[in-house]
Amino acid sequence: MPAPAGPAVPAPAATTPAAPQIQLVPATPDGALDAAEEAVDLLLDSGRTPGDVLVITTGDPHPWAAHELSFGDAAYWAQHDAGDDVFYADAALADRAASRAVVVVALNGGPEAAAVTALAAAHSRAGALLIVCGDPQRINSVLGAGV
């Protein structure tokens, strides 16, 4: 007589990371950095830890990033690697940044290629939430779909 079959063991599920929730904050290029700062403040006020947040800019760098880069590339990236504070990166450097739970993009000017780079990097690095601050028409044209 064959032995009774044991409980069925389910096959491992394919682990596809869930796409982050996307929030759009309408802003002009001149106001996108301020809108991103407000979004970061709200995130921190709601309980997010600073190390959960990455901010990517497409135009002028965030003043924090410009200041930190004045101490050299190694010191700047050491702060990124420590992961204990909000990290600010230019779109050109965004591919080097690690994933974080929340990514905020400030479309604060720069060429269209910078917006494309920033949004692609942000989307792939945002674990739970992607916040995009900028002109909704520009965002939709870059993303290729309504947000």
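In this text, all values refer to a predicted model and were calculated from it rather than measured experimentally.

Asks: What exactly am I supposed to notice about the pattern of salt bridges here?
Replies: Two side chains bearing opposite charge may form a pair once their charged atoms approach each other closely. Counted according to the given criterion, the structure contains 3 salt bridges. As a salt-bridge pair, R48 and D52 come within 3.7 Å of each other at their nearest N and O atoms. Judged by relative accessible area, D52 falls into the partly exposed class, the value being 23%. With its nearest N and O atoms 3.3 Å apart, the salt bridge here joins R96 to D73. Of this pair, R96 sits in the loop between strand 3 (87-90) and strand 4 (100-106) while D73 is found in helix 3 (residues 73-82), placing the two residues 23 residues apart along the sequence. Overall, D73 belongs to the partly exposed group, its relative accessible area being 41%.

Asks: Looking at this structure, I do not really get the packing of helix 4 (residues 112-125) against helix 5 (residues 136-143). What am I missing?
Replies: In helix packing, the relevant descriptors are the interaxial angle and the interaxial distance, both defined with respect to the helix axes. Direction vectors running N to C along helix 4 and helix 5 enclose 70 degrees, while the axes themselves pass 10 Å from each other. With respect to their mutual orientation, helix 4 and helix 5 come out roughly perpendicular. The element helix 4 and its partner helix 5 pack so that their crossing is right-handed. From helix 4, E112, A115, V116 and L119 reach across to helix 5, where they touch R138, S141, V142 and L143. Along the lines of polarity and charge, the residues of the contact of helix 4 with helix 5 split into 5 nonpolar, 1 polar and 2 charged.

Asks: Can you walk me through the packing of aromatic side chains in this structure?
Replies: Working definition: an aromatic ring pair is given by the centre-to-centre distance plus the angle between the planes. Following the criterion strictly, the structure yields 6 aromatic pairs and no others. Residues Y76 and W77 carry aromatic rings whose centres are separated by 5.1 Å and whose planes lie at 80 degrees to one another, so their mutual orientation is edge-to-face. You'll find Y76 and W77 in the same group, each marked buried. A ring pair is formed by W77 and F87, whose centres lie 5.4 Å apart and whose planes are at 40 degrees; its orientation type is tilted. Taken together, the positions of W77 in helix 3 and F87 in strand 3 put the pair 10 residues apart, joining distant regions of the chain. Residue classification places W77 among the buried positions, given a relative accessible area of 5%. You can call F87 buried: its relative accessible area is 1%. Taken together through their ring pairs, the aromatic side chains of W64, Y76, W77, F87 and Y88 make up a single cluster.

Asks: Help me understand the environment of I56 in this model?
Replies: Among the structural elements, I56 can be located in strand 2 (residues 53-57). With a relative accessible area of 0%, I56 lands in the buried category. When the C-alpha atoms of I56 and L107 are compared, they prove to be 8.5 Å apart, with 51 residues separating the residues in sequence.

Asks: Help me understand helix 4, please; the structure alone is not making it clear to me.
Replies: For helix 4, with 14 residues, the first-to-last C-alpha span of 20 Å sits near the 20 Å given by 1.5 Å per residue. A114, A115, A118, L119, A121, A122 and R125 are the residues of helix 4 that are buried. In the core, the buried residues of helix 4 are packed alongside strand 2, strand 4, strand 5 (126-134) and helix 5.

Asks: Would you explain the nonpolar core in this entry?
Replies: Note on soluble globular proteins: their nonpolar side chains tend to be buried together. One finds V53, I56, V103, V104, V105 and I131 to be the most contacted residues of the largest nonpolar core, which totals 43 residues. When neighbours within four sequence positions are excluded, I131 is seen to be in contact with Q23, V25, A39, L43, V102, V103, V104 and V105.

About the cut-offs
Residues numbered from 1 in each chain as written. Predicted model: local features only at pLDDT ≥ 70, side-chain atom pairs only at ≥ 80, totals over all residues. Heavy atoms only, no water. Salt bridge = Lys/Arg side-chain N within 4 Å of Asp/Glu carboxyl O. Buried < 20%, exposed > 50% of the residue type's maximum accessible area, 1.4 Å probe, protein only. Helix = DSSP H or I, 4+ residues; strand = E, 2+ residues; numbered from the N terminus. Axes fitted to C-alpha atoms, helices over the stretch in contact; angles between N-to-C directions. Parallel < 35°, antiparallel > 145°, perpendicular 65-115°, else oblique. Left-handed = near helix turned anticlockwise from the far one by under 90°. Contact = heavy atoms within 4.5 Å. Nonpolar A, V, L, I, M, F, W, Y, C, P; charged D, E, K, R; others polar. Phe/Tyr/Trp six-rings, centres within 6.5 Å; stacked < 30°, edge-to-face > 60°. Expected span 1.5 Å × (residues − 1). Core = buried A, V, L, I, M, F, W, Y, C linked by side-chain atoms within 4.5 Å.

Taken by themselves, the reported measurements are silent on function.
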